[in-house]
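Chains, contacts and geometry: an overview
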Amino acid sequence: MPRQARLDTPGTLSLAVKGACLLVIFVDADACPVKQEVYRVAKRYGLKVTLVSNSWMRIPYEDWLEMVVVDGQFNAADDWIVEHVSENDIVISGDIPLASRCLEKGARVLAPTGRVFTRESIGEALAGREFLSYLRDLGSITGGPAPFEKRDRSRFLQRLDETIQAVRSGKQ
């Protein structure tokens, strides 16, 4: 299938693939450490992957890969993903507010560490995020998240596989 460049909405440029499949993996790609793993799993299952970023990045030339570059305001990539995600699509992002918005649309959401965001767990995740933000503002916390490790990558691969299997079998 040939790829072609197109303007989606004002300020976005897509490298598109003609044809579609039922399940799409959307990747909040700017700082995603597991893009290569997503490519391998998607290729194995024959799934389409859409990477959404604020800047252009090199990706493998494959029919099932799409790169969307958004520009403009803060959260433009998040807004694009939410606008295009559908029920049972999979979103890869560590952004908790984005995860919440995607869950509202019925998507499945995984963090690069393998954490699965669900409707049941997102409230706690949002509250924890707000609490940590408050502590950072007070100066009580000065560091960032823990470094990404091999076990995070392994956990992510396992959870991505489990999530794809669950969507394909119709499980919640």
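Quantities reported herein were computed from a predicted structural model and do not represent experimental measurements. (Residues numbered from 1 in each chain as written. Predicted model: local features only at pLDDT ≥ 70, side-chain atom pairs only at ≥ 80, totals over all residues. Heavy atoms only, no water.)

1. Digging into the confidence of the model for the protein chain
In low-pLDDT regions, the fine details of the predicted coordinates are not to be read closely. The criterion, for reference: The predictor attaches a confidence to each residue, called pLDDT, with possible values from 0 through 100. A contact between two residues is defined here by any heavy atoms of the two lying within 4.5 Å.
Mean pLDDT for the protein chain: 82, with 74% of residues reaching 70 or above. Low pLDDT, under 50, characterises residues 1–21; the predicted model gives this stretch 58 contacts beyond four residues in sequence or across chains.

2. Considering the environment of G170
What counts, and what does not: A helix here means a DSSP run of H or I that spans at least four residues, while a strand means a run of E at least two residues long, and both kinds are numbered starting from the N terminus. The buried label goes to any residue with under 20% of its type's maximum accessible area, the exposed label to any with over 50%, and the partly exposed label to all in between, with areas taken from a 1.4 Å probe on protein chains only.
Within the fold, G170 resides in the segment after α5 (150–169). On the basis of relative accessible area, G170 is assigned to the exposed category, the value being 59%. Expressed as a C-alpha distance, the spacing of G170 and N88, which sit 82 residues apart in the sequence, is 9.1 Å.

3. Some thoughts on helix α3 (residues 96–104)
Note the cut-off: Here a polar contact means two N or O atoms within 3.5 Å. Within protein one must be a hydrogen donor candidate and the other an acceptor candidate, and residues neighboring in sequence count only if both atoms are side-chain atoms.
Every buried residue of α3 is listed here: I96, L98, A99, S100, C102 and L103. For α3, the N-terminal cap is D95; the gap from its side-chain oxygen to the backbone nitrogen of L98 is 3.0 Å. Residue G106 follows α3 closely and has a positive phi angle near 90°.

4. Side note on the packing of helix α1 (residues 35–45) against α5
The condition that has to hold: Only the stretch in contact is used when a helix axis is fitted, and all axes are lines through C-alpha atoms; the angle between N-to-C directions ranges over 0 to 180 degrees. Here roughly perpendicular refers to angles of 65 to 115 degrees, roughly parallel to angles under 35, roughly antiparallel to angles over 145, and oblique to all remaining angles. Crossings are classed by handedness, with left-handed meaning an anticlockwise turn of the near helix from the far one by less than a right angle and right-handed meaning a clockwise turn.
Running from N to C, α1 and α5 cross one another at 30°; their axes reach a closest spacing of 11 Å. If you check the angle between α1 and α5, you find them roughly parallel. Seen along the crossing, α1 lies across α5 with a hand that is right-handed. In contact with E37, V38, R40, V41, R44 and Y45 of α1, α5 contributes R153, F156, L157, L160, D161, I164, Q165 and R168.

5. With respect to the nonpolar core
Quick note on the threshold: The term nonpolar core refers to a set of buried residues drawn from Ala, Val, Leu, Ile, Met, Phe, Trp, Tyr and Cys, joined through side-chain atoms within 4.5 Å.
One finds I25, I92 and L160 to be the most contacted residues of the largest nonpolar core, which totals 27 residues. The element that contributes the greatest number of residues to this core is α1, accounting for five residues. Here I92 is in contact with I25, F26, V27, D28, C32, V34, V38, L110, F156 and L160, once residues within four sequence places are set aside. One finds A77, V82, L98 and L103 within the second-largest nonpolar core, a separate group that totals 21 residues.

6. Considerations on α5
What counts, and what does not: Take the number of residues in a helix, subtract one, and multiply by 1.5 Å to get its expected span. To be clear, the arc concerns the directions from the helix axis to the C-beta atoms.
For α5, built from 20 residues, the straight-helix expectation of 28 Å at 1.5 Å per residue is met to within 8% by its first-to-last C-alpha distance of 29 Å. Residues of α5 that are buried: D152, F156, L160, T163, I164, A166 and V167. Down the axis of α5, the sector holding all buried residues measures 160°, keeping them to one side. Opposite its buried face, α5 presents the exposed residues K150 and R151, each directed more than 90 degrees away. The elements touched by buried residues of α5 are β3 (24–28), α1, β6 (90–92) and β7 (108–110).

7. Thoughts on the packing of helix α2 (residues 76–84) against α3
Contact geometry for α2 and α3: axes closest at 9 Å, N-to-C directions at 15°. Relative to α3, α2 is oriented roughly parallel. Note that α2 runs across α3; the crossing there is right-handed. Residues D78, D79, I81 and V82 of α2 touch α3, and the partners they reach there are L98, R101 and C102.

8. Quick notes on the side chain of D78
How we decide: The charged-residue count follows a simple rule in which Lys and Arg add positive charge and Asp and Glu add negative charge, with His and chain termini not counted at all. Any Lys or Arg side-chain nitrogen located within 4 Å of an Asp or Glu carboxyl oxygen qualifies as a salt bridge.
Structurally, D78 can be placed in helix α2. One buried charged residue, D78, remains without a salt bridge, the closest side chain of opposite sign being R101 at 5.2 Å. Leaving out residues up to four positions away in the same chain, D78 has contacts with D28, D95, L98 and R101.

9. Focus on unusual backbone geometry
We note that N75 has phi near 70°; this positive angle belongs to a residue other than glycine. Residue position: N75 is located in the loop between β5 (65–70) and α2. Not every positive phi belongs to a glycine, and N88 is a case in point at roughly 70°. Relative to the elements of secondary structure, N88 occurs in the loop between α2 and β6. For N88, a relative accessible area of 25% puts it in the partly exposed group.

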